[in-house]
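This is what each chain is made of:
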Amino acid sequence: MNYFSSNFKLGILGGGQLGKMLLYNTRKFDIYTCVLDPSNEAPCKIASDEFHLGDLMNYDAVYNFGKQVDVLTIEIENVNVDALEALENEGVKVFPASKTLRTIQNKATQKLFYVDNDLPTAPFSRFAYTSEIKEAISNGGLTLPFVWKSAQFGYDGTGVKIVKALDDLVELPNVECIAETLVPFKNELAVIVSRNASGETKTFPVVEMEFHPEANQVEYVICPARIPDHVAKKATEIALKTSKAFNHTGLLAVEMFQTQDDDILINEVAPRPHNSGHQTIEASYTSQFEQHLRAILDLPLGRTDNKVGGVMVNLVGAEGHTGQVVYENIETIMTMDGVTPHIYGKKQTRPFRKMGHVTIVNEDLNKAREIAENVKKSIKVISK
C-alpha cells in the first residue's frame, strides 16, 4: 500500500502529547492523519489533517471514527475495546490489537498474563474491592507494606499508593485492585520493543528512570542505563519475551525493576510510544515515534541505537499553580549545551500535570545528567 502523499488515512485514538509527537513524523512522511479526542484543546488539533471530537470510551464514537480510516492506532490505552474488536472483524487494521489492549487495560489481568506466560513479576493478590484488603490483612493472607494499584484507569502516578499502615487504606477508592509485594529495587528500568506486522523486531537501549517521590512520576530518563552489561542483556531478553507473548504490532514499552540481587521483574507495559522513550527524538538514530509508524505500517524498522547519550527531564506543573501556563526561565535552559525543550501545547497547568519535557544530549552521559539537574532547578511550570 502507498502511505505517502496518497489517499491512505491513519487514525489515532487520543490527541495528547504522544499523538502530537507522532504527528511530527506523519508530517515528515506526508501521511494523512485523523485524530479523535474528547477535548477541543487537544495538542493534536493543530497538526492533524482531520480532528474529530469524541469520547474515547464511547463505542459509537470510536467505531464511527475507525470506519473512516485504513489503520487505527492509539496514544492512550483507555479506549473502547469492544469497538476496536468490531472494527477488526470488519477489516480495519488496529494496532495494538483489541486482544492486547483488553489484557493491558486491567492491571489484574495484566499481572495474570505474566504469570500464565512465565514472565517474572512481583507477587500480588487480586481484590474485587479495596474494602476486602483489610480482612485479608487481619486473617494473615496479606502483610504490610504493599503497593496498592487500581486495576483500571490509573495513569501518571494516580491509582498507585504504597500502603504501610491500615490508615493508608481509608482514602483509597473502593474499586477492583491488586496488592503487590513492595520490591526493594536498585533501579527502575524500561525497554521499548518495536515489532512490525511481518515480525521484524528491534529493541531500543535499556533506560534508567528516576521517579518523583511524591507524584510517582518519572522525573528523569537516562539512556543508556548506568547498569552492568549482563543486567542490560537480561532486561532486554525479558522485554523481548514479553513482546513475543503479546504477539503485538507497534511499540511495547516494558517497565521493570532491577532487584538488589540483579533479578529483573516486570512492573507493567504500555503498547504505544512511552515517556521512557522521549529522549530518542534527539539521542537515537530513529525516534520511538517514527519507529511506531514504521511498525504499524509494516515498513522496515529503523536503527535503534543511540547517536549520543541522552537524558530526558519531565516538565510538570508546579505545586500551588493552576491556570494559564507560564514556562519560567525557559530562555535560561536554552543557553545550556545540548538542551532541547518540547512544549506539549496544554494551555492550562495544574500540580504535576505533564506539560512538556526537555532532552539533554552529551557525549558524556554523566555530564548530560548534571545539565539535566540544572534544567530541573532552573525552569518552572507555573500559572499567571
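Use the structure listed above.
Residues numbered from 1 in each chain as written. Predicted model: local features only at pLDDT ≥ 70, side-chain atom pairs only at ≥ 80, totals over all residues. Heavy atoms only, no water.

Chemist: Would you mind showing me how to read the nonpolar core here?
Modeler: For soluble globular proteins, the rule of thumb is that nonpolar side chains tend to be buried together. Grouped together as the largest cluster of nonpolar side chains are 22 residues, with contacts concentrated most on Val-206, Met-256, Ile-266 and Val-269. Listed by contribution, the elements that provide at least two residues to this core are α5 (107-116), β10 (185-195), α7 (229-246), β14 (250-259) and β15 (264-270). In this view, Val-206 contacts Leu-189, Ala-190, Val-191, Ile-222, Cys-223, Pro-224, Ala-225, Ile-227, Ala-232, Ala-235 and Thr-236; residues no more than four positions away in its chain are not counted. One finds Ile-222, Val-311, Leu-365 and Ile-371 within the second-largest nonpolar core, a separate group that totals 21 residues. (Core = buried A, V, L, I, M, F, W, Y, C linked by side-chain atoms within 4.5 Å. Buried < 20%, exposed > 50% of the residue type's maximum accessible area, 1.4 Å probe, protein only. Helix = DSSP H or I, 4+ residues; strand = E, 2+ residues; numbered from the N terminus. Contact = heavy atoms within 4.5 Å.)

Chemist: Help me understand unusual backbone geometry in this model?
Modeler: Both trends apply: most residues other than glycine have a negative phi, and most peptide bonds are in trans. Following Leu-144, the chain continues to Pro-145 via a peptide bond in cis, the omega torsion being -5°. As for its placement among the helices and strands, Pro-145 is situated in the loop between α6 (133-138) and β7 (146-150). For the bond running from Cys-223 to Pro-224, omega is 0°, close enough to zero to count as cis. With respect to the helices, strands and loops of the structure, Pro-224 is situated in the loop between β13 (218-223) and α7. Within the chain, Asp-30 stands out as a residue other than glycine whose phi angle is a positive 55°. Taking relative accessible area as the criterion, Asp-30 reaches 44% and is therefore assigned partly exposed. One non-glycine residue, Asn-329, lies in the positive phi region at around 70°. Among the secondary structure elements, Asn-329 is positioned in the loop between β17 (323-328) and α10 (330-333).

Chemist: I would appreciate a short explanation of the state of the cysteines in the present structure.
Modeler: As used in these notes, a disulfide is a covalent bond between sulfur atoms, one from each of two cysteines. Tallied over the entire structure, the rule returns zero disulfides. Cys-44 takes part in no disulfide bond, and the closest cysteine sulfur, belonging to Cys-34, lies 12 Å away. (Disulfide = S-S within 2.5 Å.)

Chemist: Explanation requested: the sheet that holds strand β2 (residues 32-37) in the structure shown.
Modeler: Taking strand neighbours across the sheet as the criterion, the five strands line up as β3-β2-β1-β4-β5 in an open arrangement whose pairing is parallel. At either end of the open sheet lies a strand with only one pairing partner, and these are β3 (50-53) and β5 (93-95). Each strand axis lies, on average, 20° off the axis of its neighbour in the sheet, ignoring direction. When strand β1 (residues 9-13) meets β2, the two strands line up parallel, connected through five bridges. (Pairing = 2+ DSSP bridges. Axes fitted to C-alpha atoms, helices over the stretch in contact; angles between N-to-C directions.)

Any link to function would need more than the numbers given here.
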